[in-house]
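# Working through the structure, step by step
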Amino acid sequence: EIIDLGNPVLNLQKIENPQASLHACAQRYGSQTIRSVFEKLAEREATASFEVIDLSDNNIGDEGIVHLAQGLAGNASLTKLICPRARFGAGGFKALGNLLAATPNLNELVASSNICDAEGMKGEFSVGLSENKSLQSLFIAACRIGDAGATELCTGPLKDHPRLEHVSMSYNRLEATVATSGNEMLA
C-alpha cells in the first residue's frame with residue numbers, strides 16, 4: 001500500500017471495512033512501517049509535516065513508538081496523535097514522553113489500552129508531560145497504571161500543566177487512595 005508522506009494526515013487505522021481484522025492490520029502496519037516512513041522522509045531530505053497521526057489497532061510496539069518519537073522530534077505541525085491498542089508498554093510511554101517534550105503544538109494524545117503499568121508513567125513520560133505546554137486532552141484509559149501511576153501524574157505534571165483540560169484515566173484499577181492526589185491536583 002502506498003503511504004502519502006506529504007499528506008497532513010497519516011492514517012494507518014484500517015478498520016473501516018468490516019471484513020478487516022485487527023490481526024491483519026497488526027501484520028500490515030508494525031514498527032517497521034513507522035521506521036520506513038521516517039527513512040523515506042530522510043532520503044528525500046524532508047521533514048514530517050503530519051498534523052494528525054492515527055496508529056490505532058496496529059502492532060506498533062515499543063520499537064515503533066521510539067521510531068515515531070525520533071522521527072517527529074521538533075515537529076511543529078503535529079496536533080493530534082491517536083495510538084490506542086497499538087501494543088506498546090512502558091518503553092513506548094517513555095518514548096511518548098520524549099515526543100511530548102519535543103512537539104510544541106501537540107494538543108491531543110490518545111494512548112489508551114496500551115498496557116504500561118505504573119512504570120510507564122514515571123521518568124520520561126512525566127518529564128515530557130511537564131515540558132509540554134500545548135496538550136489539552138490526554139487519554140490513558142485502560143493502561144493499568146494503577147494507584148502508583150495515577151499518583152505520579154497527579155502530584156507531578158498534571159498538577160501544574162497550563163492547558164490540560166481533559167484527562168481520561170478510566171479503567172485503570174484505581175482505588176480510593178488516589179482521590180487524595182486527584183483532589184490536590186484539582187485544587
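Summarised in this report is the structure supplied together with it. (Residues numbered from 1 in each chain as written. Predicted model: local features only at pLDDT ≥ 70, side-chain atom pairs only at ≥ 80, totals over all residues. Heavy atoms only, no water.)

### Overview of the nonpolar core
Considering soluble globular proteins, one finds that nonpolar side chains tend to be buried as a cluster. What counts here: By nonpolar core we mean a set of buried residues, namely Ala, Val, Leu, Ile, Met, Phe, Trp, Tyr and Cys, connected to one another through side-chain atoms within 4.5 Å. Exposure is judged per residue with a 1.4 Å probe applied to protein chains only, and the accessible area is read against the type maximum: over 50% gives exposed, under 20% gives buried, and values in between give partly exposed. Numbered from the N terminus, helices here are DSSP runs of H or I no shorter than four residues, and strands are runs of E no shorter than two. Any two residues having at least one pair of non-hydrogen atoms within 4.5 Å are treated as being in contact.
Core analysis: the biggest nonpolar cluster contains 47 residues, and Leu68, Phe93, Leu96 and Phe125 have the highest contact counts within it. Listed by contribution, the elements that provide at least two residues to this core are helix H2 (31–43), helix H3 (61–71), helix H4 (90–102), helix H5 (124–131), helix H6 (146–155) and helix H7 (178–186). Broken down by element, the residue count for this core peaks at five residues, all from H4. With near-sequence residues (within four places) excluded, phenylalanine 93 lies in contact with Phe88, Ala111, Asn114, Cys116, Gly120, Met121, Phe125, Ile140 and Cys143.

### A look at the packing of aromatic side chains
Here is the rule we go by: In summary, the pairing rule links any two rings of Phe, Tyr or Trp, Trp by its six-membered ring, whose centres are within 6.5 Å, and it sorts them by plane angle into stacked for under 30 degrees, edge-to-face for over 60 and tilted for everything else.
For the structure on display, the rule yields two aromatic pairs. Judged by centre distance (5.2 Å) and plane angle (50°), the ring pair of phenylalanine 88 and phenylalanine 93 falls under tilted. Each member of the pair, phenylalanine 88 as well as phenylalanine 93, carries the same accessibility label: buried. Ring centres 5.4 Å apart and planes at 75° place the aromatic pair phenylalanine 93 and phenylalanine 125 in the edge-to-face group. On the criterion of sequence distance, the pair formed by phenylalanine 93 in helix H4 and phenylalanine 125 in helix H5 is long-range, its members being 32 residues apart. Residue classification places phenylalanine 93 among the buried residues on the basis of a relative accessible area of 0%. By way of ring pairs, the aromatic residues Phe88, Phe93 and Phe125 are connected into one cluster.

### With respect to the packing of H4 against H5
When two helices pack together, their arrangement is given by the angle between their axes and by how far apart the axes lie. The line we're drawing: Axis angles are defined between N-to-C directions and span 0 to 180 degrees, where every axis is a line fitted to C-alpha atoms and, for a helix, only to the segment in contact. Note on terminology: angles under 35 degrees are roughly parallel, angles over 145 are roughly antiparallel, angles of 65 to 115 are roughly perpendicular, and the others are oblique. Helix crossings are classified by the rotation of the near helix relative to the far one: an anticlockwise turn of less than a right angle makes the crossing left-handed, while a clockwise turn makes it right-handed. Residues are grouped as follows: Ala, Val, Leu, Ile, Met, Phe, Trp, Tyr, Cys and Pro are nonpolar; Asp, Glu, Lys and Arg are charged; all remaining types, including Gly, are polar.
At a minimum axis separation of 7 Å, H4 and H5 run at an interaxial angle of 20°. With respect to each other, H4 and H5 are oriented roughly parallel. Judged by the sense of rotation from one axis to the other, the crossing of H4 with H5 is left-handed. For the pair H4 and H5, contact is made by Phe93, Lys94, Leu96, Gly97, Asn98, Leu100 and Ala101 and by Glu124, Phe125, Gly128, Leu129 and Glu131, respectively. Residues that form the contact of H4 with H5 fall into these classes: six nonpolar, three polar and three charged.

### Looking at the pattern of salt bridges
The condition that has to hold: We define a salt bridge as a side-chain nitrogen of Lys or Arg found within 4 Å of a carboxyl oxygen belonging to Asp or Glu.
Tallying each qualifying case throughout the model produces seven salt bridges. Residue lysine 94 is joined to glutamate 119 by a salt bridge in which the shortest nitrogen-to-oxygen separation is 3.7 Å. You can see lysine 94 sitting in helix H4 and its partner glutamate 119 sitting in the loop between strand S4 (108–110) and H5, a full 25 residues away along the chain. Where glutamate 124 meets lysine 94, a salt bridge forms, and the shortest distance between an N and an O atom there is 3.8 Å. You can see glutamate 124 sitting in helix H5 and its partner lysine 94 sitting in helix H4, a full 30 residues away along the chain. Taking the relative accessible area as the measure of exposure, glutamate 124 reaches 36% and is therefore partly exposed. Connected through salt bridges with shared partners, the residues Lys94, Glu119 and Glu124 form a single ionic network.

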